[in-house]
Amino acid sequence: MKKYSGMLALVLALAFVMIFPLSASAKNIVSLETDGQGGLSVSGKAESGTLAVAVAVYDETGKDLVTMVTTDVAADNTFITKIDVQAGKYVVKVADYEGGEFATAEVTVSTETLADTDEQYTNEAAPIFGFAILGIAVVALSGAVIYKKKQKA
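Now for a quick tour of the structure. Computed from a prediction, not measured in an experiment: that's the story for all the values here. (Residues numbered from 1 in each chain as written. Predicted model: local features only at pLDDT ≥ 70, side-chain atom pairs only at ≥ 80, totals over all residues. Heavy atoms only, no water.)

## Regarding the side chain of T71
Step number 1: Among the structural elements, T71 can be located in strand β4 (residues 65-72).
Step number 2: T71 gets classed as buried once you look at its relative accessible area, which sits at 11%.
Step number 3: When sequence neighbours within four positions are dropped, the list of residues in contact with T71 reads A52, V53, F79, I80 and T81. (Helix = DSSP H or I, 4+ residues; strand = E, 2+ residues; numbered from the N terminus. Buried < 20%, exposed > 50% of the residue type's maximum accessible area, 1.4 Å probe, protein only. Contact = heavy atoms within 4.5 Å.)

Written out as structure tokens, the structure is:
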């Protein structure tokens, strides 16, 4: 009987999961705003519990995907992202990153791009990341030197 107790426990666990599936339901987008001045800005509000949203930008026909980004949802359930696209008309679709219904908006982006505005987007983590890599390299090199000295001794 001991031989089969492990297998019986596994079968019962699988049956439990099949009967009572663990499901995470996708949340909805409550509001969606777009702005096409100086690039594409997409913002809005999601249902409580939404962690991230997927923002898909299509051409004006809504059929050809131009770009897709994800962005996190703040504690107050709002999200905002800026996307650098060429001037033109676009269809923006936003949904919970886990799925669900898309909220859709049409937007016309002006000829002024993000590069033409005063806003510059930089990766603030880049200098910290560089110092971290440098620190790791110094520690690794020091360890190799110490190891070699111990081998010679």
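## Some thoughts on the environment of K89
Step number 1: As for its position among the elements, K89 is in strand β6 (residues 88-96).
Step number 2: Along the primary structure K89 and Y58 are separated by 31 residues, whereas in three dimensions their C-alpha atoms are 9.0 Å apart.
Step number 3: In contact with K89, not counting residues within four places along its chain, are D59, E60, V107 and T108.

## Quick look at the pairing of strand β3 (residues 52-59)
Step number 1: With 8 of 8 residues buried, β3 is to be regarded as a mostly interior element.
Step number 2: Inspection of the sheet shows β3 paired to β4 by 7 bridges, in the antiparallel sense. Bridge pairing in β4 links V53 to T71.
Step number 3: Hairpin connection from β3 to β4: 5 residues lie between these consecutive antiparallel strands, with G62 at a positive phi of about 80 degrees.
Step number 4: Taken together, the 7 bridges between β3 and β6 define a ladder with antiparallel strand orientation. Each bridged residue has a counterpart across the sheet, and for A56 the counterpart in β6 is K93. (Pairing = 2+ DSSP bridges.)

## Observations regarding the pairing of strand β7 (residues 99-109)
Step number 1: Pairing of β6 with β7, which is carried by 8 bridges, proceeds in the antiparallel orientation. Residue pairing in the sheet places K93 in a bridge with T104 of β7.
Step number 2: Taking the residues that link successive antiparallel strands as the turn, the β6-β7 hairpin has 2 residues.

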